[in-house]
Amino acid sequence: MSVPAQSTSRLRVAVVGGGIAGLAAARALLASRPGLEVVVLEGGAQVGGKLRGGELAGRSVDLGAEAILNRRPEAVSLAREVGLGPALTHPVASGAGIWSHGRLRPIPPSILGIPGDPEAVAATGLLSEAGMARLRAEEALPPLRLAGDVAVGELVAERLGAEVRDRLVEPLLGGVYAGRADRISLQAAVPALAPAVREYGSLLAAARALLAASAAPREPRPPVFAGLDGGVARLAGATAEDISRRGGTVRCRATVRELARAGAGWRLTIGSAAHPETLDADAVVLATPAAPTARLLREVAPAAAADLGGIGYAPVAVVSLALRPTEPASLAGTGYLVPPVEQRVVKGVTFASRKWGWLGGDLELLRCSVGRVGEEEALQREDAELVAVALRELREVTGIQAELADSSVTRWGGALPQYGVGHVARVGRIRAAVAGLPGLAVCGAAYDGVGIPACIASAEEAAARVLAALAAG
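Residues numbered from 1 in each chain as written. Predicted model: local features only at pLDDT ≥ 70, side-chain atom pairs only at ≥ 80, totals over all residues. Heavy atoms only, no water.

## What to know about the packing of aromatic side chains
- Inspection of the entire model under this criterion finds 2 aromatic pairs.
- Measuring from centroid to centroid gives 5.4 Å for Tyr 177 and Tyr 419, while their planes differ by 55°, and the two rings are tilted. Of this pair, Tyr 177 sits in helix H6 (residues 162-177) while Tyr 419 sits in the loop between strand E22 (402-417) and helix H15 (423-435), placing them 242 residues apart in sequence. Across this residue pair, the class does not change: Tyr 177 and Tyr 419 are buried.
- Measuring from centroid to centroid gives 6.1 Å for Tyr 336 and Phe 351, while their planes differ by 65°, and the two rings are edge-to-face. Of this pair, Tyr 336 sits in strand E19 (residues 335-337) while Phe 351 is found in the loop between strand E20 (346-350) and helix H13 (352-355), placing the two residues 15 residues apart along the sequence.
- For Tyr 336, a relative accessible area of 3% puts it in the buried group.
- When its relative accessible area of 2% is taken as the criterion, Phe 351 is described as buried.
- A cation over a ring is seen here: Arg 261 above Trp 266, with NZ or CZ 4.3 Å from the ring centre.
- Against the face of Phe 225 rests Lys 355, its NZ or CZ located 5.7 Å from the ring centre. (Phe/Tyr/Trp six-rings, centres within 6.5 Å; stacked < 30°, edge-to-face > 60°. Helix = DSSP H or I, 4+ residues; strand = E, 2+ residues; numbered from the N terminus. Buried < 20%, exposed > 50% of the residue type's maximum accessible area, 1.4 Å probe, protein only. Lys NZ or Arg CZ within 6 Å of the ring centre and 35° of its normal.)

Here it is as structure tokens:
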């Protein structure tokens, strides 16, 4: 079956991918140009991507992303625009810990684990005496000169010592990327740090300056994170509904297998080889992960496809637990992180019912994150085994005594893109290659950030590029 492009009076844009980036791109297109025909094509059974909700012990919970960075405007603005403003909320608990040397320790102020004050680190007991001596000596080293991009972990180990990398940077970076610090790009993961290092010639001094700037008095000072009553997954559903209200179409189980030029526009092949459907569009936004985007671009933009093929992904799992305490539980703060050096299966735990007021009740609801690059074998365990391991490690760390009321395991294959050294330059090459093809744009977590606001920002930029190309005719 073939669906031709519309006449010039009603142009059609196909958005491939129904995660939050694809949904945000489609909504931005419709909001900016009413009357445009926009079709979202999602290969899965539901939209939302890593924004997925479910039920645990009769409560609605997030099984994927569960928080929004509130100090970027894109996600909270979208939530308000699609009618979720009254549902926006903020954590009712604060502070997280790191499990290190047999106990939970507070996280000192840092830039993704890179501290600015050695004495604040000393107070936590995270480092040995030798590790502290190495950290304190950094500013006496010859000035640090960065010639280009470097791996965060390698730079930290060289300047501040391996213990800072292993006990501070690894758990914090791993919590964001599920990757290894020795492979993650400084320019991509901590973009503000490189210019500060060039100014001060020291990692400690650079981090201290950035921390001071972030702590400067501002009125009002917004909370760091936001959530939604009922779960962040609601943002995907509300955005899809808004797309429909504006005249757009959202199709699930519509896998795009091929993309080709068709005159001045594009032709997409959808569905199985046995029953293909073609859809003609005047413009296309690819909001899919790196591998499927590379496959679709292989013929039309081979250089971009090759660069996309170099972006790896880390699989992860979320083990959700509902516990009925048999003794009063002392779960302080919002949760804790576990460095790889501790050789645990669970890399982090969120005390969800302590963090979010709307989840409070007689049960303790927790999220345990499993999976890092290089630790894929942990995800090969059966669900019941993952639940048992998570419970055992949780009890060892927190001492909680509780009965298991309910559990679920959500596996995310290829969940988090890995921003290796040279990632920013790689993304620049991809976008330059795609920019040479009128009416085509890319967006999503593979490019400029893995958080929800960053994905929405890239989606809005992609929508603007497509609209400019359509206006140019």
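## Describing the pattern of salt bridges
- One pass over the full model with this rule turns up 25 salt bridges.
- Residues Arg 251 and Glu 277 are paired through a salt bridge, measuring 3.0 Å at the closest nitrogen-oxygen approach. Of the two residues, Arg 251 sits in strand E13 (residues 249-251) while Glu 277 sits in strand E16 (residues 277-281), which places them 26 residues apart along the sequence.
- By relative accessible area, Glu 277 is classed as buried at 11%.
- When salt bridges that share partners are traced, they join Arg 27, Glu 81, Asp 242, Arg 245 and Arg 246 into one network. (Salt bridge = Lys/Arg side-chain N within 4 Å of Asp/Glu carboxyl O.)

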